[in-house]
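# Report on the structure
Residue strings, one per chain:
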Amino acid sequence: MYAKSKICLDLEYSVFESDGLWSLPDEELLELARREIVELGLVRGEEVEDGTVVRMPKAYPMYGMSSTGQIVVLRSWLDRNLVNLQPLGRNGMHKYNSQDHSMMTGLCAARNILGAEHDLWAINTGADYQEEPHGR
Ligand SMILES: Cc1cc2nc3c(=O)[nH]c(=O)nc-3n(C[C@H](O)[C@H](O)[C@H](O)COP(=O)(O)OP(=O)(O)OC[C@H]3O[C@@H](n4cnc5c(N)ncnc54)[C@H](O)[C@@H]3O)c2cc1C
């Protein structure tokens, strides 16, 4: 039943199916998640009432090295033949963009339509990937 005093928290663990975490029993994963949100100071342990585990195979697209050359060909064709097309977002550019970069390409694309000259492909170029390996 809906109650204003409760909240649903979603914790995402990105793993390969070969990682131990993937096949950890649900109860152990829920206990790990409970421990971690307590450590983070989000809740007190006794406040956690229930949990559920959803395993989503193939959730994360892998950008193969061979696609880089193909993207160069596509980009150069688009530049020459569809000059008023604004490719943007993660799938629209087939680029390893985070949410903020994806949104930035959308904002800059809108400004381009209004006359600006942002290079959408330069957004996120050379940005460091900030997530550290789990080390579990
Ligand atoms: C598993 C996973 C975890 C991630 N974790 C993070 C994170 O922690 N932090 C972070 O910053 N980024 C994260 N990202 C990346 C982030 O999700 C993307 O960068 C961002 O969502 C891309 O936004 P977008 O608008 O380009 O594309 P999307 O969010 O993919 O939106 C595209 C939309 O278009 C719809 N669509 C597709 N084809 C059609 C069609 N033919 N007609 C109509 N609609 C269509 C799709 O259903 C979708 O709703 C994660 C991505 C994945 C897959």
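Note that the structure is a prediction, hence the values are computed from the model and not measured.

### A look at the site of the ligand
Around the ligand, the neighbouring residues are Glu-12, Ala-59, Tyr-60, Pro-61, Gly-89, Arg-90, Asn-91, Asn-97, Ser-98, Gln-99 and Ser-102. At 2.7 Å from an oxygen atom of the ligand is found a main-chain nitrogen or oxygen belonging to Arg-90. One nitrogen or oxygen atom from the side chain of Ser-102 is found 3.1 Å from an oxygen atom belonging to the ligand. Protein burial of the ligand: of its 1000 Å² of free accessible surface, 38% is covered by the chains. Secondary-structure elements contributing two or more residues to the shell around the ligand are helix 3 (89–93) and helix 4 (99–113). Of the residues forming the shell around the ligand, the biggest block, 3 residues, is contributed by helix 3. For the shell around the ligand, the residue count by class is 3 nonpolar, 6 polar and 2 charged.

### A word on the nonpolar core
Counting residues in hydrophobic clusters, the biggest one holds 7 residues: Ile-71, Met-93, Cys-108, Ala-109, Leu-120, Trp-121 and Ile-123. Other than its neighbours up to four places away in sequence, Ile-123 contacts Lys-95, Asn-97, His-101, Met-104, Thr-105 and Cys-108.

### Re the layout of surface pockets
Quantified by volume, the second largest pocket comes out at close to 260 Å³. Lining the second largest pocket are Tyr-63, Gly-64, Met-65, Ser-67, Thr-68, Ile-71, Val-72, Arg-75, Met-93, His-94, Lys-95 and Trp-121. Along the lines of polarity and charge, the residues of the lining of the second largest pocket split into 6 nonpolar, 4 polar and 2 charged.

Criteria and thresholds
- Residues numbered from 1 in each chain as written.
- Predicted model: local features only at pLDDT ≥ 70, side-chain atom pairs only at ≥ 80, totals over all residues.
- Heavy atoms only, no water.
- Near = heavy atom within 4 Å.
- Polar contact = N/O pair within 3.5 Å; in protein donor to acceptor, adjacent residues only side chain to side chain.
- Areas by Shrake-Rupley, 256 points an atom, 1.4 Å probe, with all protein chains shown as cover.
- Helix = DSSP H or I, 4+ residues; strand = E, 2+ residues; numbered from the N terminus.
- Nonpolar A, V, L, I, M, F, W, Y, C, P; charged D, E, K, R; others polar.
- Core = buried A, V, L, I, M, F, W, Y, C linked by side-chain atoms within 4.5 Å.
- Buried < 20%, exposed > 50% of the residue type's maximum accessible area, 1.4 Å probe, protein only.
- Contact = heavy atoms within 4.5 Å.
- 1 Å grid on protein atoms, 1.4 Å probe; cavity = no way out; pocket = protein on both sides within 12 Å on 5 of 7 lines; lining within 4 Å.
- Points joined across faces, edges and corners; volume = space filled by probe spheres on them.

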